[in-house]
Amino acid sequence: MLRRDFVRAVVSVSFAPRSLLSQQPANPAPPPPAPVPWTLGLNPKTPLPHTEVVDGITETEQRFFTPVEMATLVRLCDVLLPPIGDKPGALQAETPLFLDFLIGSSPAARKKVYTGGLNWLNSESQKRYRQPFAKLDDTQADAILKPWLRTWMNDHPPPEPHADFVNIAHDDIRTATVNSKAWSEIPSADAQASTTAGLYWSPIEPDIYAESSDRTRIPAHVIAAPKSANAIPAYPR
Amino acid sequence: MTNETFDVLIIGSGHAGGMAAKVLTESGIRCLMLNAGPVADVARNAQHKPAYELPYRGFKPPGRLEHVFQANEFNANVWVDEQEVPYTFDAANPYNWVRVRLFGGRSLFWSRQSFRLSDYEFKGKAHDGFGEDWPIGHADLAPYYSRVEDIFQVSGAMDGPPQMPDGNFVLDDEPWSQSMQRFIAASKPFNMPVCKQRRALGRDGLASSVNLLLPDAERTGKLTSIANAVVRELTVDKNTGQPNGCHFVDRLSRREMHVKARVVVLAAGTLESTRLLLNSSVGNSSGLVGRYLMDQVYGPGVTCSVPEGRNGKATKELMGGGAIVPRFRNITTKSTTFLRGYALNVTSRIAPVDPRNFAAYGAKLQQKLQEYHGSSFHMTMMGEVLGRYENHVRINKGKVDAWGIPVLHVETKYTENEYNMAKDAVEVGSAVAEAAGFEVLSKNMVPNPPGYSIHEVGTCRMGDDPKRSVLNRWCQSHDHKNLFVVDGASFTSAGWQNPTMTILALSMRASEYLAGEMSKRNI
């Protein structure tokens, strides 16, 4: 090769990439980091993994009630909603531990209804029978509970102390049990309640900014048992 | 740069806004509709599930929506989040502000009870001297009610007394069940009229703005709609002093926007429309924007059992059907303990009786539930709340919502009038039930907090005197002829009736007036 040809070849090679680049768009997309872009692939035909609800497979960790309160709640659940026929009772539906989670996540007023109520049950039991509520037989437990049972309409539980706890707890225990997986697995006969089912709405275009920002708070919920003559009770949940 | 000026800006997409959009666009008027929330798509956003698949087994998520008694875990995400859009009140006087910001607003979720107001409401002051009369009467609104009833396919019978005017109904000629016949017979000595329920059948299972009104507006090609547009304030033309559009913020991005329009129609729901006026300092020369907040007393009621329907003996001939007992107090007689009156919703059902109706538990409770299954008979009260100046909302400048917009402070409470009415309703309901041979299982005289009925009305009441009212008889601001409020804020009195039909009729009437004035270039 003549020296002149060699120089021409070197110059053309050194300019080639630049001339190639000049044919590209102004801001080309960066090359993919891997053979397939990582969000590509999921499509309507993709099989969905089958998952189970946790109830009946795993156990809820007790976080809220004290051991004594929990023992009282366990006994209360068993007394108020024992197994009837083929249907599981509150204990088989793991209602006490579910309520530990639910009440522990609830506003202070609701926590107070429960902790106050469970402690009252236990002290009443000690006073009458010199043993904790958890150790009472059905007749003894009934003697404490029955005087406080009331009839009531939705959103208006009895406001008087003790009756509020007994009736609210009874309602919650029934709801938690009837809506459990264990209850749903046994067909309901005649007038037995059925597990609630319905149209569940997911968050609709949720506002992630608001979820993460400091937000102003509304006033504390109203008390469960207002004192004035014409007070309007609300049931803090 | 986009600088389009719309003919009419409509804020809100529920029954009131949807009707305004339909009427105005069908008159050839270009409208822009802003809605604060997104579009709800059942196919995309909802799924049928059993409660045990949800985190709280169907219980309302704790601490959320404390003032939405209607909320449960299934529907918790459709209501306005009380922390995202807070409001304040004195803890001694709670208020339940129940809101939906999805496109279509609360028209997506309502009980469908469809009543006209009568002149006992429009001209209440003439009857008992309390409050103010509306500047219109039933005769003014009747033609509009009739057209609304046709659109919403309201079913009912032509059995209304003067205090519950009949309408343009899909006739309900179902015979009364025997339990209802017994109730009717027992109610006669109490001078209680018992009528067939009146409810909007709608179409395809829904009676909402999104399926009965907005499609008509969209077909005209004259409607532009924007979702997730949270209106911050109305803007005012510096030269004319008239409203000329609004500032809004995109709900998700926080991008601040504005839009211009020749006319502004507020249809954001009673308290949101009022909040917007107050935050904009517009239309309040009377000082009455926010005043005379009213709703209806809900909560009191009676639950009964029909003995003949127990132990598996309930039949369709015996049980079933619904009735409305329209207001019967202070019509031909005069109560000594309260003004105005209440209605009773009456329902007979072959259905389980709620366990709360028995002071029992365990096997004994189950035995009761078994025995009483299918025999349930209910009465619930809807009572008129009087319009009082002191019951009001105002801006709380110390608190803002998620978009920095000052929130409302609600100051309202029920008085002896409402409590006495509730007591009377439960006493009379129980007495009639017992006279009919029913067993009363439970009753409640205590009202739910104000607001619970989701029938908040007033705060921009209409009237002929600009010093004593905010709007004129056309729902038009006394201060600004290009500003209209077409939702429940215009009510001068609340009545006992579900307000939806009246809101729709008022919005239709106001919008036709507006279209006429625009065509005559008066606005």
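What counts, and at which threshold
- Residues numbered from 1 in each chain as written.
- Chains lettered and ligands numbered in written order.
- Predicted model: local features only at pLDDT ≥ 70, side-chain atom pairs only at ≥ 80, totals over all residues.
- Helix = DSSP H or I, 4+ residues; strand = E, 2+ residues; numbered from the N terminus.
- Rg over C-alpha atoms; globule rule 2.2 N^0.38 Å.
- Buried ≥ 20, exposed ≤ 12 C-beta atoms within 10 Å, placed from the backbone.
- Pairing = 2+ DSSP bridges.
- pLDDT = per-residue confidence, 0-100.
- Contact = placed C-beta atoms within 7 Å.
- Core = buried A, V, L, I, M, F, W, Y, C linked by C-beta atoms within 7 Å.
- Nonpolar A, V, L, I, M, F, W, Y, C, P; charged D, E, K, R; others polar.
- Axes fitted to C-alpha atoms, helices over the stretch in contact; angles between N-to-C directions.
- Left-handed = near helix turned anticlockwise from the far one by under 90°.
- Expected span 1.5 Å × (residues − 1).
- Parallel < 35°, antiparallel > 145°, perpendicular 65-115°, else oblique.

Enquirer: Give me the lowdown on the overall build of chain B, citing residues and values where you can.
Expert: The helix and strand inventory of chain B stands at 12 helices and 21 strands. Computed over its C-alpha atoms, the radius of gyration of chain B comes to 23 Å, within 12% of the 24 Å expected for a compact globule of 523 residues. Judged by the C-alpha coordinates and their principal axes, chain B covers about 75 × 55 × 45 Å. Residues classed as buried in chain B amount to 57% of the 523 residues present.

Enquirer: Residues and numbers for the sheet that holds strand β6 (residues 170–171) of chain B, please.
Expert: Residue and element names in this part refer to chain B. An order of β6-β5-β8 is seen for the three strands of this open sheet, with the pairing classed as mixed. A strand with exactly one partner marks an edge of an open sheet, and here the two such strands are β6 and β8 (199–200). Sheet topology note: the strand β5 (residues 154–156)/β6 ladder contains two bridges and is parallel. Residue G156 lies in a different strand from β6, and its bridge partner there is L171.

Enquirer: I'd like to hear about the confidence of the model for chain A, residue by residue, with values.
Expert: All names here are of chain A. Residues of chain A with pLDDT of at least 70 account for 76%, and the chain-wide mean is 83. The low-confidence segment residues 10–22 (pLDDT under 50) makes zero contacts with residues lying over four places distant or belonging to another chain. In the predicted structure, residues 214–228 sits below a pLDDT of 50 and forms 38 contacts with residues beyond four places in sequence or in another chain.

Enquirer: Please set out the nonpolar core residue by residue, giving values where relevant.
Expert: With 150 residues, the main nonpolar core has L9 and V265 of chain B as its most contacted residues. Looking at which element gives the most residues to this core, the answer is helix α12 (residues 500–519) of chain B, with nine residues. Grouped together as the second largest cluster of nonpolar side chains are 35 residues, C77, L118, I173 and A182 of chain A included.

Enquirer: With reference to specific residues and values, describe the confidence of the model for chain B.
Expert: Mean pLDDT over chain B works out to 97, with 100% of the residues at or above the 70 mark. Across the whole predicted complex the pTM is 0.92, and at the interface the ipTM reaches 0.94.

Enquirer: How would you explain the interface of chain B and chain A if you had to name every residue and give the values?
Expert: Listed as interface residues are 66 residues of chain B and, on the opposing side, 58 residues of chain A. Where the side of chain B that touches chain A is concerned, the elements lending two or more residues are β3 (46–50), β4 (88–89), β14 (301–305), α10 (362–372), β18 (392–400) and β20 (439–444) of chain B. Split into classes, the residues belonging to the side of chain B that touches chain A amount to 35 nonpolar, 20 polar and 11 charged. Pairing of strand β1 (residues 197–201) of chain A with β3 of chain B involves five bridges; the strand directions are antiparallel. Paired with G198 of chain A across the strands is K49 of chain B, a residue of β3 of chain B.

Enquirer: Any details on the packing of helix α1 (residues 15–26) of chain B against α12 of chain B? Residues and values, ideally.
Expert: All names here are of chain B. As a packed pair, α1 and α12 sit with axes 8 Å apart at the nearest point and diverge in direction by 30°. Every pair of crossing elements has a handedness; the one defined by α1 and α12 is right-handed. On α12, the residues that touch H15, A16, M19, A20, V23 and L24 of α1 are T500, I503, L504, S507, M508, S511, E512, L514 and A515. Of the residues contributing to the contact of α1 with α12, the split by class is 10 nonpolar, four polar and one charged.

Enquirer: A description of helix α6 (residues 163–178) of chain A should follow, citing residues and the corresponding values.
Expert: Residue and element names in this part refer to chain A. The first and last C-alpha atoms of α6 sit 22 Å apart over 16 residues, in line with the 22 Å expected at 1.5 Å per residue. Of all 16 residues that make up α6, 12 are buried, and the element is covered over most of its length. By the burial criterion, the buried members of α6 are D164, F165, V166, N167, I168, A169, H170, D172, I173, A176, T177 and V178. On its buried face, α6 sits against α2 (67–80), α3 (95–104), α4 (108–129), α5 (138–145) and α7 (181–184).

Enquirer: Can you tell me about unusual backbone geometry, naming the residues and giving the values?
Expert: What you tend to see is this: most non-glycine residues have negative phi, and most peptide bonds are trans. Residue and element names in this part refer to chain B. A positive phi angle, near 60°, is found at R340, a position not held by glycine. Mapping R340 onto the fold places it in the loop between β15 (322–325) and β16 (342–349). Even without a glycine there, the phi angle at I454 is positive, about 60°. Among the secondary structure elements, I454 is positioned in the loop between β20 and β21 (483–485).

Enquirer: So what about the packing of α2 of chain A against α4 of chain A? Which residues, and what values?
Expert: All names here are of chain A. Close contact between α2 and α4 brings their axes to 9 Å; oriented N to C, the two are set at 80°. Viewed along their axes, α2 and α4 adopt a mutual orientation that is roughly perpendicular. Counted together, V68, E69, T72, L73 and L76 of α2 and T115, L118, N119, L121 and N122 of α4 form the full contact between these two elements. Split by residue class, the contact of α2 with α4 holds five nonpolar, four polar and one charged.

Enquirer: How would you sum up the pairing of strand β12 (residues 256–266) of chain B? Please name residues and give values.
Expert: Residues and elements named next belong to chain B. Looking at chain direction, strand β1 (residues 5–11) and β12 are connected through six bridges and run parallel. If you follow I10 over to β12, its bridge partner there is V265. Looking at chain direction, strand β11 (residues 243–250) and β12 are connected through five bridges and run antiparallel. What sits directly across from C246, in β12, is V259.

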